[in-house]
Amino acid sequence: QVQLVESGGGLVQAGGSLRLSCAASGTIFVVNAMSWYRQGPGKQRELVAVITSVGYTGYADSVKGRFTVSRDNAKNTVYLQMNSLKPEDTAVYYCNAQILPGVSDGPVNYWGQGTQVTVSS
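Residues numbered from 1 in each chain as written. Predicted model: local features only at pLDDT ≥ 70, side-chain atom pairs only at ≥ 80, totals over all residues. Heavy atoms only, no water.

A. Expanded view of the sheet that holds strand S3 (residues 18-26). What the four strands build is an open sheet, ordered S1-S3-S8-S7; its pairing is antiparallel. With partners counted over all chains shown, the strands left at the sheet margins are strand S1 (2-7) and strand S7 (67-72), one partner each. Across this sheet, the average inter-strand angle for adjacent strands is 15 degrees, counted without regard to direction. As judged from the six bridges shared by S3 and strand S8 (residues 77-82), these two strands associate in the antiparallel manner. Paired with Ala23 across the strands is Thr77, a residue of S8. (Pairing = 2+ DSSP bridges. Helix = DSSP H or I, 4+ residues; strand = E, 2+ residues; numbered from the N terminus. Axes fitted to C-alpha atoms, helices over the stretch in contact; angles between N-to-C directions.)

B. View of the pattern of salt bridges. Per the counting criterion, the structure on display carries four salt bridges. In this structure, Asp89 engages Arg38 in a salt bridge whose closest nitrogen and oxygen atoms are separated by 2.9 Å. Residue Asp89 is found in the loop between S8 and strand S9 (91-100), and its partner Arg38 is found in strand S4 (residues 30-39); the two are separated by 51 residues along the sequence. One salt-bridge network, in which partners are shared between bridges, spans Arg38, Glu46, Arg66 and Asp89. (Salt bridge = Lys/Arg side-chain N within 4 Å of Asp/Glu carboxyl O.)

C. Examining the nonpolar core more closely. Ranked by size, the top nonpolar core spans 29 residues in total, and within it Trp36, Leu80, Met82 and Tyr93 carry the most contacts. Looking at this core, the elements that each hand over two or more residues are S1, S3, S4, strand S5 (46-51), S7, S8, S9 and strand S11 (115-120). No other element matches S9, which puts five residues into this core. Leu80 has contacts with Leu18, Arg19, Leu20, Trp36, Val48, Ala49, Phe67, Thr68, Val69 and Tyr93, leaving out every residue within four places of it along the chain. (Core = buried A, V, L, I, M, F, W, Y, C linked by side-chain atoms within 4.5 Å. Buried < 20%, exposed > 50% of the residue type's maximum accessible area, 1.4 Å probe, protein only. Contact = heavy atoms within 4.5 Å.)

D. Seen up close, the state of the cysteines. What the rule picks out here adds up to one disulfide. Across the disulfide from Cys22 sits Cys95; the S-S distance is 2.1 Å. The S-S bond linking Cys22 to Cys95 shows a torsion near -80 degrees; that makes this disulfide left-handed. Remark: Cys95 occurs in strand S9 and Cys22 occurs in strand S3; sequence separation between them is 73 residues. Of the two residues examined, Cys22 and Cys95, each falls in the buried class. (Disulfide = S-S within 2.5 Å.)

And the structure:
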């Protein structure tokens, strides 16, 4: 059984910063790409940032230059540093990881439970 547990959400004023964390635990052989998604009120879930197992990163245009994704492979943890936050960044943020639970398993997508980020104007 694999679990992704997120932390770090909260309420912040526009222009402020938050750092989200997501730790994968359980039966894990390999963790491939790890990603952050978000879903704002009345909106579809969208990809925010992705980082591969070797550190290549990608970002949505709306967060480039403000958000930074990183990971600690030894801890199976991914982070999202969010700076210069805007009210439109308000959303539930979800962690996603592509994980091989065992040596003979194929990759499986796992999701965290989500953490609320609210940016006040």
